[in-house]
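Residue-level structural notes
Below, each chain spelled out in residue letters.
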Amino acid sequence: MVYFAAMQTSDFYFELPDALIAQHPPAKRGDSRLLHVHGASGLYDDRHFSDLPELLQPGDLLVFNNTRVMKARLFGTKETGGKVEILIERLISPHTAMAHVRASKSPKEGGVILVDDWRIEVTGREASLFHLQSPHMPFTQLMETAGHMPLPPYIARADEVADTERYQTVYAEREGAVAAPTAGLHFTPEMLARLRHRGIDMAHVTLHVGAGTFQNLRAEHIEENRLHSERVEVTQACVEAVNEARAAGGRVIAIGTTSVRSLECASTTGELRPFSGETDLFIQPGYRFRSVDAMITNFHLPQSSLLMLVSAFAGRERILDAYAHAVREKYRFFSYGDAMFLTPGDAS
């Protein structure tokens, strides 16, 4: 990969008023704005998400991430009475998991946490993640019984009943994420039907989004940063759909940065192939995209790896200009916010 020599994390900073951070989804799913950014020219159009079919052509292929968000946030107490917050990062087996644990004092190996009188044992620690065991109830059942939707840290409220549906895509299928693939939150069954009627094809990948997606990059020099690892699966059916679309002259349009990373990690040999495993692929300016021709994405945090990914695709200056426009026009930002339709440009 070729990096831009002087690229710094601070090169991806932008000012964002707190009032533009969406704290709730729109009243109706899909009732969002859509900023169309032409990467080649840097021009942009203010649209509504309902206009999306007009931006697509018969034979285009949309690639969705079909991960399903777990009710991964659990609240409990230590046996001594101290409060504990658990965020399940991934399930290892039905009764074992790795998780982030917040408490006034970190639990030690052998410690016990009680969640609704159910016993969770701390069996070890690996870096920032704790190894947990739930001997009497599978974690999936415990999350369904006592869990909360893991809303992002910039949503300054507790989760509500409506979030169980709204912080989930309508096509979510494979449970395992602790954050939603938010570009997909705009799609409704009616929109999917409109797209199919227009001759737009669809395929799916799976990337189980981890809590690390919200972590700040610590190093000022971009190349010194490393991303958290996430589980990815790109199937043979998806590979065939991509190859068929491109052979027929259609575009491959990734729905969200997680779909982009899935397709690109399966293309590291130069050819898209089925893939199942872990990826920590960090896409930044200088990266050469192999499998994605356009993307739909939400607005991302300043100085984040996701902002760097979209800058690699459409150009840093173009993206920052478009973000400045979105701030002036009062677009809604982040997970429950509005969307962008991006076509590629010079990543300068």
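Below, the structure is looked at part by part.

What counts, and where the lines are drawn
Residues numbered from 1 in each chain as written. Predicted model: local features only at pLDDT ≥ 70, side-chain atom pairs only at ≥ 80, totals over all residues. Heavy atoms only, no water. Axes fitted to C-alpha atoms, helices over the stretch in contact; angles between N-to-C directions. Helix = DSSP H or I, 4+ residues; strand = E, 2+ residues; numbered from the N terminus. Contact = heavy atoms within 4.5 Å. Nonpolar A, V, L, I, M, F, W, Y, C, P; charged D, E, K, R; others polar. Buried < 20%, exposed > 50% of the residue type's maximum accessible area, 1.4 Å probe, protein only. Polar contact = N/O pair within 3.5 Å; in protein donor to acceptor, adjacent residues only side chain to side chain. Phe/Tyr/Trp six-rings, centres within 6.5 Å; stacked < 30°, edge-to-face > 60°. Pairing = 2+ DSSP bridges.

**Observations concerning the packing of helix α7 (residues 305–314) against helix α8 (residues 316–328)**
- Orientation of α7 relative to α8, taken along the N-to-C sense of each, is 115°, at an axis distance of 7 Å. Listed contacts from α8 to Leu307, Val310, Ser311 and Ala314 of α7 are Arg316, Arg318, Ile319 and Tyr323.
- Residues of the contact of α7 with α8, tallied by class, amount to five nonpolar, one polar and two charged.

**Focus on unusual backbone geometry**
- Of note, the phi angle at alanine 127 is positive, near 60°, even though the residue is not glycine.
- With respect to the secondary-structure elements, alanine 127 resides in the loop between β9 (118–126) and β10 (129–133).
- The class for alanine 127 is exposed, based on a relative accessible area of 69%.
- Its identity as a non-glycine residue notwithstanding, lysine 330 has a phi of 60°, on the positive side.
- On the secondary structure map, lysine 330 appears in the loop between α8 and β17 (339–342).

**Details of the environment of serine 134**
- Note that serine 134 resides in the loop between β10 and α2 (139–146).
- On a C-alpha basis, the gap between serine 134 and leucine 87 in space is 14 Å, while along the polypeptide they are 47 residues apart.
- When sequence neighbours within four positions are dropped, the list of residues in contact with serine 134 reads His95, Arg119, Phe139 and Leu142.
- Here methionine 137 takes part through its backbone oxygen, which lies 2.5 Å from a polar atom of the side chain of serine 134.

**A look at the packing of aromatic side chains**
- Enumeration over the complete set of coordinates arrives at 14 aromatic pairs.
- Relative to phenylalanine 187, the ring of phenylalanine 49 has its centre 5.1 Å away and its plane inclined at 90°; by these criteria the two rings are edge-to-face. Separated by 138 residues along the polypeptide, phenylalanine 49 in the loop between β2 (44–48) and α1 (52–55) and phenylalanine 187 in the loop between β11 (174–177) and α4 (189–197) bring together distant segments of the chain.
- Note on phenylalanine 187: relative accessible area 0%, which makes it buried.
- Grouped by ring-pair contacts, the aromatic residues Phe14, Tyr154, Phe299, Tyr323, Tyr331, Phe333 and Phe334 constitute a single cluster.

**Details of the sheet that holds strand β3 (residues 61–65)**
- Ordered in space as β2-β1-β17-β16-β14-β3-β12-β13-β15, the nine strands form an open sheet in which the pairing is mixed. In this open sheet, the two edge strands, each paired with only one partner strand, are β2 and β15 (275–279). Within the sheet, the average angular offset between the axes of one strand and its neighbour, ignoring direction, is 20°.
- Summarising the sheet, strand β1 (residues 33–37) and β17 pair through four bridges and their orientation is parallel. Counted as the bridge partner of leucine 34 is alanine 339 from β17.
- Packing of helix α6 (residues 257–265) onto the sheet brings it into contact with β3, β12 (201–208), β13 (230–234), β14 (252–255), β15 and β16 (294–298), and relative to β12 it is tilted by some 90°.
- Relative to the sheet, α7 contacts β16 and β17, its axis offset from that of β16 by approximately 150°.

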